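Survey of secondary and tertiary structure
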Amino acid sequence: MDSTQLSVTCIAPVNIAVIKYWGKRNESLILPINDSLSVTLSTADLCSKTKIIADAKFTDNVMILNGKEENFENERIQRCVKEIKARAAELGSCPKELLEWKIHIESENNFPTAAGLASSASGYACLVYSLAQLYDLKKQEISDIARMGSGSACRSIYGGFVQWQKGIQLDGKDSIAFQVAPASHWPDLHVLILVVNDSKKKIGSTSGMARSVVTSELIKYRVEKCVPQRIHSMTQAIKDRDFSKFAEVTMKDSNQFHAICLDTFPPCVYMNDVSHEIVNYIHEFNRTEGETKVAYTFDAGPNACLYLLEKNVKRVLSFVNHIFPNDNQKSAEYVRGIPVEYESEDVNEFQNYPQYEKNTLKYIIHTKVGEGPSRVD
Ligand code: DP6
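Residues numbered from 1 in each chain as written. Predicted model: local features only at pLDDT ≥ 70, side-chain atom pairs only at ≥ 80, totals over all residues.

Once that is clear, we can look at the overall build of the chain. On a plain count of helices and strands, the chain comes out with 10 helices and 17 strands. At 21 Å, the chain has a C-alpha radius of gyration in line with the 21 Å of a compact globule built from 377 residues. Seen through its C-alpha atoms, the chain measures out along the principal axes to roughly 70 × 45 × 40 Å. Going through the 377 residues of the chain one by one, you find that 46% of them count as buried. When contacts within the chain are restricted to residue pairs at least 6 apart in sequence, those whose partners lie at least 24 apart make up 77%. (Helix = DSSP H or I, 4+ residues; strand = E, 2+ residues; numbered from the N terminus. Rg over C-alpha atoms; globule rule 2.2 N^0.38 Å. Buried ≥ 20, exposed ≤ 12 C-beta atoms within 10 Å, placed from the backbone. Contact = placed C-beta atoms within 7 Å.)

Structure, rendered in structure tokens:
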């Protein structure tokens, strides 16, 4: 090689599952007990950005995450780096000496960790995608490697609507993600993330799901009887752009996932009183509107992710702003992401709904379905 330094910079998206991944059959390879399906969110509003420099003169591998040095020996990081290098060596995709060079990785999220949004999915997807660029594995399947960093990360390797098939092989080679439909198939699918003020420390997804697998009886029923049918209905709803079906399955699956968390012993409680209020309000809103205009889904935390069509964003946001009044309601700091010119007159229509205590929401992120990872340097 003529140069002694190589560098790549990439971004990768966040994804929010509509059919949840919860439970592993192999902890170290991160193999799930059920298929899951998610929507990839636009990197314009939420993403991880990773820069990797490989240099013949570097003496150590370094990983800096959001400005803080991380232990490079971390098992998940190690597995991703080793697997990518092994694949590059096997295929001879890049010069051998490049694989010997130490690397410096700098990664950051363009959204505050305080948002309580899972950054591991976009973070590991970005790490693995950037390494694949560095070692010239551009056309190869890499979702199985991203999966070894964090399960949900394999779905962030693709844009649009993505399914992670659990696979049946012991080595996990068939536990990969694939695109069900591109973002362009349903570009008016928008998202409002309601970031709920919350100070309680929650049990992490990794240990929570491990506990569910051991103690929940309902989880077996979910895996065998519910998920396969739901994946089928969800795929059909996406193909048909049938929002009402999409919304119904999304809400039912979120509720079932949290029911399993409560069936876990000791229980994992992720939703709080505000989360439950949001659920009630959304059902009431859909009922009075005479059609399903919004769907909620909750991951391992109290924040609500609302799916809705672009044409309904203004009305839904007016509704949310009525229910959850905020001192900063008018500022761009409060409603982040895609700008919305909502009509304040609408607010009067919602006078019958009781209002929640002021400043219950930290802020709102408005975004939409988006593309997969890309190189930005
Ligand atoms: C509730 O992917 O964070 O968000 O594989 O142990 O890293 P690990 O877990 P993680 O779990 C995500 C769980 C979820 C549901 C989902 O995204 O499907």
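On we go from here.
Between the first and last C-alpha of helix α3 (residues 120-134) there are 21 Å, a value that for 15 residues agrees with the 21 Å anticipated at 1.5 Å per step. D136 sits one or two residues past α3 and shows a positive phi near 60°. (Expected span 1.5 Å × (residues − 1).)

This brings us to the environment of V128. As for its placement among the helices and strands, V128 is situated in helix α3. On the basis of neighbour count, V128 is assigned to the buried category, with 31 C-beta atoms found within 10 Å. Taking the C-alpha atoms as reference points, V128 and A177, 49 residues apart in sequence, are found 14 Å from one another. The residues touching V128, leaving out its near neighbours within four places in the chain, are C80, I84, I142, I145, A146 and G149.

For the ligand, the set of nearby residues contains 14 residues, the closest of which are A17, Y21, S150, G151 and S152. Per-class residue counts for the shell around the ligand are 5 nonpolar, 7 polar and 2 charged. (Near = placed C-beta within 6 Å. Nonpolar A, V, L, I, M, F, W, Y, C, P; charged D, E, K, R; others polar.)

The subject of this paragraph is the sheet that holds strand β2 (residues 15-19). As a general point, the strands of a sheet are linked pairwise by backbone hydrogen bonds and lie either parallel or antiparallel. Spatially, β2-β5-β10-β11 is the arrangement adopted by the 4 strands of the open sheet, whose pairing is antiparallel. Looking at which strands have only one partner, the edges of the open sheet turn out to be β2 and β11 (177-181). If you compare each strand with its neighbour and ignore which way they point, the axes differ by 35° on average. (Pairing = 2+ DSSP bridges. Axes fitted to C-alpha atoms, helices over the stretch in contact; angles between N-to-C directions.)

This part covers the domain arrangement of the chain. What the domain assignment reports for the chain is domain 1 (5-186) and domain 2 (189-368). One C-alpha centre belongs to domain 1, the other to domain 2, and the line joining them spans 26 Å. Tallying the contact residues gives 26 residues for domain 1 and 32 residues for domain 2. Listing elements by their share of the side of domain 1 that touches domain 2, those giving two or more residues are β2, β5 (36-40), β10 (161-164) and β11. Split into classes, the residues belonging to the side of domain 1 that touches domain 2 amount to 16 nonpolar, 5 polar and 5 charged. (Domains from an automatic or database assignment.)

Attention now goes to the packing of helix α6 (residues 218-239) against helix α7 (residues 243-263). The description of two helices packed together rests on the angle between their axes and the distance between the axes. The N-to-C vectors of α6 and α7 enclose an angle of 165°; their axes lie 10 Å apart at closest approach. The orientation of α6 relative to α7 falls into the category roughly antiparallel. Judged by the sense of rotation from one axis to the other, the crossing of α6 with α7 is left-handed. For the pair α6 and α7, contact is made by L218, I219, R222, C226, R230, S233, M234, A237 and I238 and by K245, F246, V249, D253, Q256, A259, I260 and D263, respectively. Of the residues assigned to the contact of α6 with α7, the class counts are 10 nonpolar, 2 polar and 5 charged. (Parallel < 35°, antiparallel > 145°, perpendicular 65-115°, else oblique. Left-handed = near helix turned anticlockwise from the far one by under 90°.)

Attention now moves to the sheet that holds strand β7 (residues 62-65). The mixed open sheet is built from 6 strands, whose spatial order is β8-β7-β9-β6-β1-β17. Edge strands, defined here as strands with exactly one partner in the open sheet, are β8 (68-70) and β17 (374-375). In this sheet, β8 lies alongside β7 in antiparallel orientation, the contact comprising 3 bridges. Across the sheet, the residue bridging to M63 is E70, located in β8. The sheet strands contacting α3 are β1 (5-13), β6 (47-55), β9 (102-109) and β17, and the helix crosses β1 at an angle near 145°.

With that settled, consider the nonpolar core. The biggest cluster of nonpolar side chains holds 109 residues, and the ones touching the most others in it are I84, A125, V128, L194 and L306. The leading source of residues in this core is α3, at 10 residues. What L306 contacts, discounting residues up to four positions off in sequence, is V191, L192, L194, V294, A295 and Y296. (Core = buried A, V, L, I, M, F, W, Y, C linked by C-beta atoms within 7 Å.)

At the junction of F265 and P266, the peptide bond is cis and its omega measures out at -10° in the coordinates. Looking at where P266 falls in the secondary structure, it is placed in the loop between α7 and α8 (273-289). Phi is positive for I30, which is not a glycine, with a value near 55°. By the element assignment, I30 lies in the loop between β3 (24-26) and β4 (31-32). Of the residues examined, I30 has 24 C-beta atoms within 10 Å and is grouped as buried. At N359, a residue that is not glycine, the phi angle is positive and equals roughly 60°.

Here we take up the pairing of β1. Bridge count between β1 and β6: 9 bridges; the pairing is antiparallel. Pairing of Q5 across the sheet is with D55, part of β6. Note: β1 against β17, 2 bridges, orientation antiparallel. By the bridge assignment for β17, C10 is matched with R375.

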